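An overview of the molecular structure
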There are 6 protein chains.
Amino acid sequence: MPYVNIKITDEQVTREQKSELIAGVTQLLVDVLNKNPATTVVVIDEVNTDNWGIGGEVVTTLREKG
Amino acid sequence: MPYVNIKITDEQVTREQKSELIAGVTQLLVDVLNKNPATTVVVIDEVNTDNWGIGGEVVTTLREKG
Amino acid sequence: MPYVNIKITDEQVTREQKSELIAGVTQLLVDVLNKNPATTVVVIDEVNTDNWGIGGEVVTTLREKG
Amino acid sequence: MPYVNIKITDEQVTREQKSELIAGVTQLLVDVLNKNPATTVVVIDEVNTDNWGIGGEVVTTLREKG
Amino acid sequence: MPYVNIKITDEQVTREQKSELIAGVTQLLVDVLNKNPATTVVVIDEVNTDNWGIGGEVVTTLREKG
Amino acid sequence: MPYVNIKITDEQVTREQKSELIAGVTQLLVDVLNKNPATTVVVIDEVNTDNWGIGGEVVTTLREKG
């Protein structure tokens, strides 16, 4: 019954990688808390780098700086 | 003043259906808790089926399996 | 499979009222989008009025002003 | 280490404006709580006006009414 | 730089279990997406069973039914 | 109409500081995007340090290490 939300920058994440994240975090909740995987929901949000900030700066700018 | 976030898979939800969700949940908060609808905010997130997992599997894969 | 998060101020909401919110919003998703209620998750967050702001003011202060 | 999520309607917000939001809220957390900006994360979600409701109405409809 | 939010019911989760969840999901993001763990943030919300619904029912009620 | 969620660790934040955060972020949205403060909602979540992770470690543990 857990709900997990993963927010990452939108940088060419493949369907295979998303599948691994969903399988991995669901298994983690089984292993650590014995949660029922059937009702475990995982939602991945891919966020444009223009819309993500860290250290007070936009990630797009940080990427351009290298 | 309530804030409601509805996350659903992005599968051809119409503007009319979104309107019904927003009107319905706002009315529910009036009926149950006597909340002021004028400041009740509802945000609907439509999530790509590649980014939604349940039971450890990606919804896109579940849909393909039928 | 939808996920709904309802945020309201923490002001003596009863278990019965929470039950009505959960039943009501789940039914709304069945009625409008034909969603499966069995995997519809609803989470209610009750937020202290010190931690909720509207119009730039803390709700606790607005309540005191009447 | 704070995490801030800003949800706004998707109405031609520029990269410069997003940059000002990210810098401004990060600085606010430094000023008020002495938080470390290096690990302060800000995520901006731009939401389609069809998906945002207030007062029980869709924002797109409110905009059309003027 | 990812941000992960894990919502679970508030049922005597230990500090050790929380530590395993945080370490596990951070490692998963390193393994799958090569994310930098130093800026990966994980927040666990423990939600009262009165405030969690599934299948249109409050979890507290489901637990009582057995 | 914006909605802002600020998540910080639960470490003796005062009502005055919360008030400054709410006023400050509401004003920022007025200044940068000309948003209407009357319908701008801010919610502050204070999270137990046992429930917050960064760098794969629980914040409580990081605080103990100094």
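Residues numbered from 1 in each chain as written. Chains lettered and ligands numbered in written order. Predicted model: local features only at pLDDT ≥ 70, side-chain atom pairs only at ≥ 80, totals over all residues. Heavy atoms only, no water.

Contacts between the two partners involve 26 residues from chain A, matched on the other side by 26 residues from chain E. Between chain A and chain E, the buried area comes to about 2200 Å², and carbon and sulfur atoms account for 75% of it. In this assembly, chain A and chain E are joined by 0 salt bridges. Summed over the shared surface of chain A and chain E, the result is 7 residue pairs in polar contact (both at pLDDT 80 or more). Taken together, the elements giving at least two residues each to the side of chain A that touches chain E come down to β1 (3-9), α1 (15-33), β3 (52-54) and α2 (59-65) of chain A. Tallying contributions element by element places α1(A) first for the side of chain A that touches chain E, with 9 residues. Of the residues belonging to the side of chain A that touches chain E, the class tally is 16 nonpolar, 5 polar and 5 charged. (Contact = heavy atoms within 4.5 Å. Buried area = accessible area lost by both parts, 1.4 Å probe. Salt bridge = Lys/Arg side-chain N within 4 Å of Asp/Glu carboxyl O. Polar contact = N/O pair within 3.5 Å; in protein donor to acceptor, adjacent residues only side chain to side chain. Helix = DSSP H or I, 4+ residues; strand = E, 2+ residues; numbered from the N terminus. Nonpolar A, V, L, I, M, F, W, Y, C, P; charged D, E, K, R; others polar.)

Spatial ordering of the open sheet is given by β4(D)-β3(D)-β2(B)-β1(B)-β1(C)-β2(C)-β3(E)-β4(E), a layout of 8 strands whose pairing is mixed. What marks the edges here is a single partner per strand, and that holds for β4 (57-58) of chain D together with β4 (57-58) of chain E. Strands β1 (3-9) and β2 (41-47) of chain B, β1 (3-9) of chain C together with β3 (52-54) and β4 of chain D of the sheet are contacted by helix α1 (residues 15-33) of chain B, whose axis makes an angle of about 140 degrees with β2(B). Helix α1 (residues 15-33) of chain C contacts β1 of chain B, β1 and β2 (41-47) of chain C together with β3 (52-54) and β4 of chain E of the sheet and is inclined by roughly 140 degrees relative to β2(C). (Pairing = 2+ DSSP bridges. Axes fitted to C-alpha atoms, helices over the stretch in contact; angles between N-to-C directions.)

Moving on, we get to the packing of α1(A) against helix α1 (residues 15-33) of chain E. Relative orientation of the contacting elements α1(A) and α1(E) amounts to 160 degrees, with a least axis distance of 10 Å. When the axis of α1(A) is compared with that of α1(E), the two are roughly antiparallel. The handedness of the crossing between α1(A) and α1(E) is right-handed. Every residue of α1(E) that contacts α1(A) at Gln17(A), Glu20(A), Leu21(A), Gly24(A), Val25(A), Leu28(A), Leu29(A), Val32(A) and Leu33(A) is listed here: Gln17(E), Glu20(E), Leu21(E), Gly24(E), Val25(E), Leu28(E), Leu29(E), Val32(E) and Leu33(E). Of the residues that constitute the contact of α1(A) with α1(E), the class distribution is 12 nonpolar, 4 polar and 2 charged. (Parallel < 35°, antiparallel > 145°, perpendicular 65-115°, else oblique. Left-handed = near helix turned anticlockwise from the far one by under 90°.)

Turning next to the sheet that holds strand β3 (residues 52-54) of chain F. An order of β4(B)-β3(B)-β2(A)-β1(A)-β1(E)-β2(E)-β3(F)-β4(F) is seen for the 8 strands of this open sheet, with the pairing classed as mixed. The strands lining the two open edges of the sheet, one partner per strand, are β4 (57-58) of chain B together with β4 (57-58) of chain F. Pairing between strand β2 (residues 41-47) of chain A and strand β3 (residues 52-54) of chain B: 3 bridges, direction antiparallel. By the bridge assignment, Val42(A) is partnered in β3(B) with Gly53(B).

Of all 7 residues making up β1(C), 7 are buried, and the element is well covered by its neighbours. Every second residue of β1(C) is oriented toward a common face, with Tyr3(C), Asn5(C), Lys7(C) and Thr9(C) on one face and Val4(C), Ile6(C) and Ile8(C) on the other, all of them buried. Examined bridge by bridge, β1(B) and β1(C) share 5 bridges and lie antiparallel to one another. Bridge pairing in β1(C) places Lys7(B) opposite Tyr3(C). With 7 bridges connecting them, β1(C) and β2(C) associate as parallel partners. Across the sheet, residue Ile8(C) finds its bridge partner in β2(C), namely Glu46(C). Taken together, β1(C), α1(C) and β2(C) constitute a β-α-β crossover, and its handedness is right-handed. (Buried < 20%, exposed > 50% of the residue type's maximum accessible area, 1.4 Å probe, protein only. Right-handed = clockwise from strand over helix to strand, strands pointing away.)

With that settled, consider the relation of the copies chain A and chain D. Take chain A, turn it by 120 degrees, move it 0.0 Å along the axis, and it overlays chain D with an RMSD of 0.0 Å. With respect to symmetry, the two chain copies, as superposed, fit the operation of a three-fold axis. The rotation axis passes nearest to the C-alpha of Asp45(A) in chain A, at a distance of 5.8 Å. (Least-squares fit on C-alpha atoms with pLDDT ≥ 70 in both.)

All right, on to the UniProt feature "domain: 4-oxalocrotonate tautomerase-like" (unreviewed entry) in chain A then. When the UniProt feature table is mapped onto this chain numbering, "domain: 4-oxalocrotonate tautomerase-like" (unreviewed entry) sits at residues 2-61 of chain A. Structurally, residues 2-61 of chain A is divided into 37% helix and 32% strand, and its ends, taken at the C-alpha atoms, are 35 Å apart. (UniProt positions renumbered as here; feature names shortened; annotations may be inferred.)

Between chain C and chain D there is no contact; the minimum C-alpha to C-alpha separation amounts to 14 Å. These two, chain A and chain F, are apart from each other, with no contact and a minimum C-alpha gap of 14 Å.

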